[in-house]
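Structural description and commentary
One letter stands for each residue in the lines below.
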Amino acid sequence: MKILKVFNNNVSLVLNDDNIEEIIMGKGVGFNKREGDVIDSARIEKRFVLEGNNSVSNLDNLLGRIDIEDIELASDIIQLGEAELEQSIDDSILLTLSDHIGFVLNRAAEGLQMRSPLEWDIKQIYTKEYAFALKAVQMMREKTGIAIPDQEAAFITLHFVNAYNSTSNMNETMLTTKIIQSIIDIIKYHYGKEYDETSYDFTRFITHIRYFVKRQLDKEVSSNEDSSLINLIAVKYEQDYQCAVKIKTFLEQQYDWTISNDELMYLTLHLNRLSSNQ
């Protein structure tokens, strides 16, 4: 690995053996180093691959706004998140999360608090990620000595959900959250009851809905219009089918989506499993 830029003694930008830019972290990785110097890989503790033409310029802008300690804190949170969530996290989150942490710390130091308008929805839909985000907030408190409110967990949750897929963006993540909450509201109204949102069945249902929404946003729509199975399902699980049709109608009218018979059938079956076990 060759040095492209030294940010401080412990953080550098390098070009790896595959000619891909990375941010590396480790004690002394940048000490007395200059552009073109070779890095001792044994010193490297964390590595983040940079993809996209704007990554390095984004990092330069980032370092002009926040302290390097915030980037290192973001790195620690990402490492904990991958272990807690058992999910590979896209490297690009390092830049966005560092930027957000700097903003949070400045806000908290001034005694200002912000709430996400989707905070309640985020708690319901991304229960596992939100539980981790609360731990991340606690880590931030311990490492900075600043009284960061729990409300910040909602924003951190969205950063991690967004980082699951490198092709997504924060606007898409926010839209997905809004759509899922609308679907949950339709279900509650249709069945006339609340659900244990911490239960396995509810969590499994939300997982299905998340992938369902993702497929629609990616325009991965099934073209199978075979009506034989859906007619059978409609008779066997009439109430669940009626709820699925309400969801289909809402999504087609509100977002101009096309919900295939396959999607309608699977949605009905998932609704039946949820309504039967709750």
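Reading the values: rules and limits
Residues numbered from 1 in each chain as written. Predicted model: local features only at pLDDT ≥ 70, side-chain atom pairs only at ≥ 80, totals over all residues. Heavy atoms only, no water. Buried < 20%, exposed > 50% of the residue type's maximum accessible area, 1.4 Å probe, protein only. Helix = DSSP H or I, 4+ residues; strand = E, 2+ residues; numbered from the N terminus. Pairing = 2+ DSSP bridges. Expected span 1.5 Å × (residues − 1). Arc of directions from axis to C-beta. Contact = heavy atoms within 4.5 Å. Axes fitted to C-alpha atoms, helices over the stretch in contact; angles between N-to-C directions. Left-handed = near helix turned anticlockwise from the far one by under 90°. Nonpolar A, V, L, I, M, F, W, Y, C, P; charged D, E, K, R; others polar. Phe/Tyr/Trp six-rings, centres within 6.5 Å; stacked < 30°, edge-to-face > 60°.

As annotated in an unreviewed UniProt entry, the protein chain carries the name Transcriptional antiterminator and comes from Enterococcus rotai.

Right, let's talk about the pairing of strand β2 (residues 11-15) for a bit. For β2, the buried fraction is high: four of the five residues fall into the buried class. In the sheet, strand β1 (residues 2-8) pairs with β2 via five bridges, with the strands oriented antiparallel. Along β2, the bridge assignment pairs Lys-2 with Leu-15. Alignment of β2 against strand β3 (residues 21-25), held across five bridges, turns out to be antiparallel. The partner of Leu-13 across the bridge, within β3, is Ile-23. Between the antiparallel neighbours β2 and β3 lie five residues, among them Asn-19 with a positive phi of about 60°.

Here we come to helix α5 (residues 127-144). For α5, spanning 18 residues, the distance from its first C-alpha to its last is 26 Å, which sits close to the expected 26 Å at 1.5 Å a residue. Here α5 has its buried residues at Glu-129, Tyr-130, Phe-132, Ala-133, Ala-136, Val-137, Met-139 and Met-140. Down the axis of α5, the sector holding all buried residues measures 160°, keeping them to one side. Taken together, the buried residues of α5 touch α2 (68-85), α3 (93-109), α4 (119-125), α6 (152-163) and α8 (200-217). The first or second residue beyond α5 is Gly-145, which carries a positive phi of 70°.

Okay, the packing of α2 against α5 next. Packing of α2 against α5 leaves a shortest axis separation of 10 Å and a crossing angle of 145°. For α2 against α5, the interelement crossing comes out right-handed. Contacts from Leu-73, Asp-76, Ile-77, Leu-80, Gly-81, Glu-84 and Leu-85 in α2 reach Lys-128, Glu-129, Phe-132, Lys-135, Ala-136, Met-139, Met-140, Lys-143 and Thr-144 in α5. A breakdown of the residues in the contact of α2 with α5 according to their chemical character gives eight nonpolar, two polar and six charged.

Our next topic: the environment of Glu-86. With respect to the element layout, Glu-86 can be found in the loop between α2 and α3. The contacts of Glu-86, once residues within four sequence positions are left out, are Gly-81 and Lys-128.

Throughout the structure, instances matching the rule amount to five aromatic pairs. The interplanar angle of 80° and the centroid separation of 6.4 Å between the aromatic rings of Phe-212 and Trp-257 together place this pair among those described as edge-to-face. Here Phe-212, found in helix α8, pairs with Trp-257, found in the loop between α10 (238-255) and α11 (261-277); they are 45 residues apart in sequence, far enough to count as distant. The exposure class assigned to Trp-257 is buried, which follows from its relative accessible area of 11%. Ring-pair connections join several aromatic residues into one group, and the members of that group are Phe-212, Phe-250, Tyr-255 and Trp-257.

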